[in-house]
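So you can see what is in the structure, the chains are spelled out below.
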Amino acid sequence: MKQLSHCWVFWAWGGGENITHPFAILPTGIRLEKKEKSLRMRDVDRNMEDKQTWDDELIFFVNGKKVVETNPDPDMTLLTYLRRKLGLQGTKLGCAEGGCGACTVVLSKCQPDTQQLLHHAVNACLAPICSLHLTAVTTVEGIGSVARQLHPVQERIAKAHGSQCGFCTPGLVMSMYALLRSKATPTMADVEEAFQGNLCRCTGYRPILEAYKTFTVEGGCCGRRGQNDGCCMSEQEVDHEKPSALLFNAAGFAPLDPTQEVIFPPELMALSKNQKTCSLRFQNKRTVWLQPDTLDTFLHLKWKHPEARVVVGNTEVGIEVKFKNILYPVILAPAFIPELHSVEHSSDGIVFGAACTLSRMESVLKQAVATLPPHQTEVFLALLEQLRWFAGQQIRNVAAIGGNIMTASPISDLNPVFMVAGCKLTLIDKDGSRVVRMDDSFFVGYRRTLLRPQEVLLSIEVPYSTKHQFVSAFKQSPRREDDISIVTAAMSVTFTAGTSVVEDLKLSYGGMAATTLLATKTAGQLLGRCWGEELLEHATSLLAEELTLHPSVPGGMVTYRQTLTLSLFYKFYLIVLRKLRGQGLNVETLRPDFLSATEFYHAETPSSVQIYQEVPKGQRQDDVVGRSVVHLSALKQATGEAVYCDDMPLFEKELYLALVTSSKAHARILSIDLSAAEQSPGFVGCVFAGDIPGSNTCGTVVQDETVFADRQVTCVGHIIGAVVADTQLHAQRAAKAVKIHYEELQPIITMQEAIAAQSFYQPIRTIQKGDLQAGFQQADQVLEGEMHIGGQEHFYLETHATVAVPRGEDEEMEIFVSTQAPSHTQFLVAKALGIPANRVAVRVKRMGGGFGGKESRSTILSTVVAVAAHKMQRPVRCMLDRDEDMLITGGRHPFYGKYKVGFLNSGKIVALDVSYYSNAGNTLDLSLSIMERALFHMENSYSIPNVRGRGFLCRTNLPSNTAFRGFGGPQGMLVTESWITDVAQRLGVPTDKVRRLNLYREGDSTPYNQVLEQITLDRCWDECLSRSGFQERRAAVELYNKQNRWTKRGLAIVPTKFGISFTAQFLNQAGALVHIYTDGSVLLTHGGTEMGQGLHTKMVQVASRVLGVPHSKIHISETSTSTVPNTSPTAASASSDLNGAAVKNACQILKERLDPYKSQNPKGSWEDWVKAAYFDRVSLSANGFYKTPDIGYNFETNSGRAFNYFSYGVACSEVEVDCLTGAHKNLSSTIVMDVGVSLNPAIDIGQVEGAFMQGVGLFTLEELHYSPDGVLLTRGPGSYKIPAFGDIPTHLSVSLLRDAPNDKAIFASKAVGEPPLFLAASVFFAIKDAISAARAESGISGPFRLDSPASVERIRNACSDRFTQLTPSAKPGTFRPWSVQV
Ligand SMILES: Cc1cc2nc3c(=O)[nH]c(=O)nc-3n(C[C@H](O)[C@H](O)[C@H](O)COP(=O)(O)OP(=O)(O)OC[C@H]3O[C@@H](n4cnc5c(N)ncnc54)[C@H](O)[C@@H]3O)c2cc1C
Ligand code: FES
Ligand code: FES
């Protein structure tokens, strides 16, 4: 065995090297049959008889308390342990795959050698409980609470309005806490890095960064004190207006006092110091966890169990076990083996033990770069560039270098660098070691290496670079932060000294084959050549030949991936050219306009401005309407005390439910085999269609669905039945064991297939006004076009959840659920159970986000759970896993728009004929209303005299699509903005001129004949132009584009008009119930649900004003069908309007009842008046009711008022596109939004920013991929990317239009939830603008099609140039693609 020589040897826990896991090796994809399993287990037992002594006691600390577990379960994750065993519900489950950060906790450990304490954020969902020996776990509950004392990290995120639904908040709190434990005064860059692994779907991230900026070197906003040094608020000078007060008062925050932090448990310190070596062995019936303490034992065990999995971070294995259902019976955890954790500087490079974590590698490399001569660190810098974008910090803190190499993923980000650097790997087994170079012989197939089964990877030597060597690495992924690569590459060139002659060249690519590969043919032919244009030309055509992909290749994006290989080489070529010139070599000049292509992404610290109207002078201090009251649950959300559905403690005899769903898009069910499921541990029972006591029929608008599929399935994910068992794990395993036999039928998956088959739901809606034919005749020019808009997953951080509790008498059932529609849930549950609605009580405390996804689709799960609870007569719970939720519950409708537009040469639009198609899926759900809204928004903000819009609902075999913030409006308007861009491009005039020319004016009427009153579009437009400095920006963009060939900037200003009301007239009603108790406290209930949007906070503000009591006296407990019946779903942005008016009504009634007592005792207190009324036998409880007056629209006659009023807004965005990769940066967005007189500026700005960022996701990032068979391929944060922290515009300005009272809603306010979402289209069209500039360089002008989202692939493909020409696409129809545009 090779002894490690002694230079600097670190044996350190660099952030979780000992986070190991409970499953062990079998070749990937192979599952053990039962017989084999028991053989293996016996085998293990025999090995245990070896001389080795094993401990079975796991000792760790949680929030300072010692936990001792004898023989813990190797299957259990820390998250399950915290939530289910310790009842610590603050840590949330968002994905179970390390991709959302909701489960972040801090692990602290004492370094055995230095006694230094290390604190790291980790994902509890991936950390096996067995890996925690001698660690201290800190959860959100451990650092503070509302009752005890808030930690500053909790206080600041809450009070700075950084918590809306709050489901992400504990994870963010813990990421920040971990950072502060390691660095008391971090920089903003540190904060952004700390949050790479955390997602938030509500806030748009800005307020979170603002909150935590207060801890940083940069500090919080200075309140304009630092104006001369570029204060973020100086923009307000544009209008010479008085600046708005800050939305939070940082001066009131408790200071951070690092000395007051939770201390590392002294007992653990002592245990760590005196740590005698021990070997751990934990075992359940399926798996054994072996954690030996010497390398010899480790190798001996590996020799005995070649199939054993070596587990360090569990970030690969954990995913395989959870999502691929692979069983690994033997796990070898090397956490106690010093040799695998050492770091050694040798004469040739740095030798990392294979179990060193990526965080540790990063810090060692950074230190080396800081101290070594630059020529030695080219490889290190390339690795650091890859590590910068490698997962999030929680993953990097635990994932090992060896894990990355040995997983042998073809898209590993480190392996290309290791390959071009020629790293040396030391492989070892019990008989000795060998050293192999990491070259093209190392990976022998998909996820396979040349390691022998008994061998493990001991270490990797990363070499110093040499004097004439240049190395670069590139990673291209859909999202910059925490994303897996589409193509990843590393390149190294060595020149003959003093020349530009290539002596050695290595080009390595990931994502282009089943393994990471070296382009040896290309590299070989370039040896001896000079670095110049001729070499480039030759290299790109050779690469185009060598690196090809079959058009059906998994992952798709074939043309893009091939183009990337050339583009990335070109970048390398330019970078090297620059460096050679820097060394004074006589090589070709690097054109100045090419320079930006050589620069790596540089993030700038985001800045923001929020402008709003403060309450009028003289408004009573205790009148909180119009003030930035903090979300009433924010503090509890930040401490983990806020209770979500699945946080409720288990009920006695509770069962867990797992769904049995269809794996076919369209098929007959031939048989259901339960035999294996029934044998599963913990199995209690099943429910299928035959178990429904009432009706199996259900639906949203029409009853066209079934609770359980009956004989036929019509989509993948269609619910066929469910299994109940004693635990979640058992229920899920049993559900997977149910075997269904199908007879497959021809499915319809895409809209194009539906159009070809004329597969539409009826009716086909039309809105028509004017004379279309005359309009087109009048037009100077007519233009036709089409576009596709992809769907969107809601990605609420809390997935669907229900707990159903049979009450034991009169068939009463209580349903706790995460839904926007309690009354509809009640109706459907009662129907399925065959009981009256008065026996079903539906209760909603809060949701961890909804966005429309819990308006109708939540009822399916609730009904299933209720049926199971009824059958078993026991409480039943289910919270969907993220992948199930994404598979089953549908999302935003994909749209396809075809248009013909007639216009004058002035740019005035005179005729529009547009057809919309939406992919409705397998049931109607809300698709008709969604299409209607798309049609109501087909002209967006423009006056068009002659217009026809038609809407077709494609019936397909996808899970039914449903409501999503904007409800069809964004899709309708994106098509509008697309044709208006085409018109401008055809005319060769700026798009903003065409937009402005056609903008609605006061008194204009819409295609559905509604006259527009109190229109503020022009004010929003002008304010946005001036706040954004549009004209100056335009000039700067043009200059930039002249000076840069391969990066282009684009600018766009886009308006929106959004109609407020449910389009179904009857839904425009609301109720409220207000009780005043004799101590003066007020209990308020209304029909709306709280999903993070701050509805309850606003309702309390309304009640507080009307009753004239401080808002602290008013409490909202929950939404329940037992208190306010027959409620409309919380949707259509109208909930504050509707419920606010109902609350006002109830409070006014009560106020009038109390007024006499107030008059009798004017100096008395609220409590005095309440008591007096009570003793006078006056009812202190009142119902309120409201219905929106004068609305109702008739499609037949195109008459009536469709909307109560409109919300308006305008946004201007600037982006920078990397034309070679398709990546873009959001440089700036300026939003002006009319929200009337804001009820709560902080909440409204939060809604504007959150909606805007969700729109940024919709239009530029989020892509759902479906196979041609209708299987959703993107089922979690790993493959489906919502915007992350790094996607927010570097500069974001939000202004709420001043002096714009709305006489149609409560206290002159306006709806805000949905309207701002579409403003993110300004980013989409800014990208299109930048692409136009890139195309112009290749001599291409005029309109072009850009589908949504403007993904990296679409952007790159649209930027036509010499490289795209070398990679033509395969002809459609000649191959079966990996995914189809649905
Ligand atoms: C959310 C998330 C984001 C990710 N992002 C990225 C990314 O950006 N880029 C990227 O490349 N990868 C990424 N990954 C993949 C993964 O994190 C890495 O591959 C990681 O380095 C694996 O290390 P680990 O210690 O967690 O492996 P484990 O899961 O513990 O083990 C992985 C495999 O390696 C084997 N193994 C480990 N050590 C040895 C050894 N010494 N000898 C022999 N076999 C060994 C194990 O047997 C097992 O098969 C991501 C994963 C997740 C969950
Ligand atoms: S739940 Fe752990 S990262 Fe999402
Ligand atoms: S507040 Fe972040 S996900 Fe809701």
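Right above here is the structure, for reference.
Draft legend 1. Representation of the sheet that holds strand β18 (residues 469-476) in the model. The four strands lie next to each other as β18-β19-β20-β21, forming an open sheet whose pairing is antiparallel. Either end of the sheet is taken by a strand with one partner, and the two such strands are β18 and β21 (517-518). Across eight bridges, β18 lies against strand β19 (residues 487-495) in antiparallel orientation. Looking across to β19, one finds that V471 is bridged to S492. Helix-sheet contacts for helix α18 (residues 558-582) involve β18, β19 and β20 (502-510), and the interaxial angle to β18 is about 145°.

Draft legend 2. Inspection of the sheet that holds strand β32 (residues 781-789) at higher detail. Pairing in this open sheet of five strands is mixed, and the strands run β31-β39-β38-β37-β32 from one edge to the other. What marks the edges here is a single partner per strand, and that holds for β31 (760-769) and β32. On average, each strand axis in the sheet is inclined to that of its neighbour by 10°, with strand direction left out of account. Here strand β37 (residues 895-903) runs beside strand β38 (residues 909-921); their pairing, made up of nine bridges, is antiparallel. Counted as the bridge partner of Y899 is V914 from β38. The sheet contacts of helix α27 (residues 927-936) involve β31, β37, β38 and β39 (946-955), and relative to β39 the element is tilted by about 155°.

Draft legend 3. Broad picture of helix α36 (residues 1321-1337). Given a rise of 1.5 Å per residue, 17 residues ought to cover 24 Å, and the 25 Å separating the end C-alpha atoms of α36 matches this to within 8%. Summarising burial for α36: 14 of the 17 residues are buried, a large majority. Looking one or two residues beyond α36, the residue adopting positive phi is G1339, at roughly 80°.

Draft legend 4. Layout of the packing of aromatic side chains. What the rule picks out here adds up to 40 aromatic pairs. When the ring of Y1008 is compared with that of Y1193, the centres are 6.3 Å apart and the planes differ by 80°; the resulting orientation is edge-to-face. Of the two residues, Y1008 is situated in the loop between α29 (991-998) and α30 (1017-1028) and Y1193 in strand β46 (residues 1192-1194); the sequence distance between them amounts to 185 residues. Residue classification places Y1008 among the buried residues on the basis of a relative accessible area of 1%. Y1193 sits in the buried class, given a relative accessible area of 17%. Ring geometry for Y1008 and F1203: centres 5.9 Å apart, planes at 75°, overall edge-to-face. Taken together, the residues span a long stretch of sequence, with Y1008 in the loop between α29 and α30 and F1203 in the loop between β47 (1199-1201) and β48 (1205-1218) at a distance of 195 residues. The class for F1203 is buried, based on a relative accessible area of 0%.

Draft legend 5. Main features of the site of ligand 1. Around ligand 1, 32 residues are found, and the nearest of them are V310, V312, G313, T315 and D413. Here E316 contributes a backbone N or O atom positioned 2.9 Å from an oxygen atom of ligand 1. At 3.1 Å, a backbone N or O of A391 approaches an oxygen atom of ligand 1. With the chains in place, 93% of the 990 Å² that ligand 1 exposes on its own is no longer accessible. Mapped onto the shell around ligand 1, the elements with two or more residues apiece are β9 (309-310), α14 (401-407) and β17 (456-463). At five residues, α14 tops the list of elements feeding residues into the shell around ligand 1.

Draft legend 6. Region of interest: the side chain of R561. Along the chain, the position of R561 falls in helix α18. In terms of polar contacts, R561 uses its side chain to reach the backbone carbonyl oxygen of G511, at 2.8 Å. Once residues lying within four places of it in the same chain are set aside, the contact partners of R561 are I486, V487, G511, M512, L549, V553, P554, G555 and G556.

Calculation criteria
- Residues numbered from 1 in each chain as written.
- Chains lettered and ligands numbered in written order.
- Predicted model: local features only at pLDDT ≥ 70, side-chain atom pairs only at ≥ 80, totals over all residues.
- Heavy atoms only, no water.
- Pairing = 2+ DSSP bridges.
- Helix = DSSP H or I, 4+ residues; strand = E, 2+ residues; numbered from the N terminus.
- Contact = heavy atoms within 4.5 Å.
- Axes fitted to C-alpha atoms, helices over the stretch in contact; angles between N-to-C directions.
- Expected span 1.5 Å × (residues − 1).
- Buried < 20%, exposed > 50% of the residue type's maximum accessible area, 1.4 Å probe, protein only.
- Phe/Tyr/Trp six-rings, centres within 6.5 Å; stacked < 30°, edge-to-face > 60°.
- Near = heavy atom within 4 Å.
- Polar contact = N/O pair within 3.5 Å; in protein donor to acceptor, adjacent residues only side chain to side chain.
- Areas by Shrake-Rupley, 256 points an atom, 1.4 Å probe, with all protein chains shown as cover.

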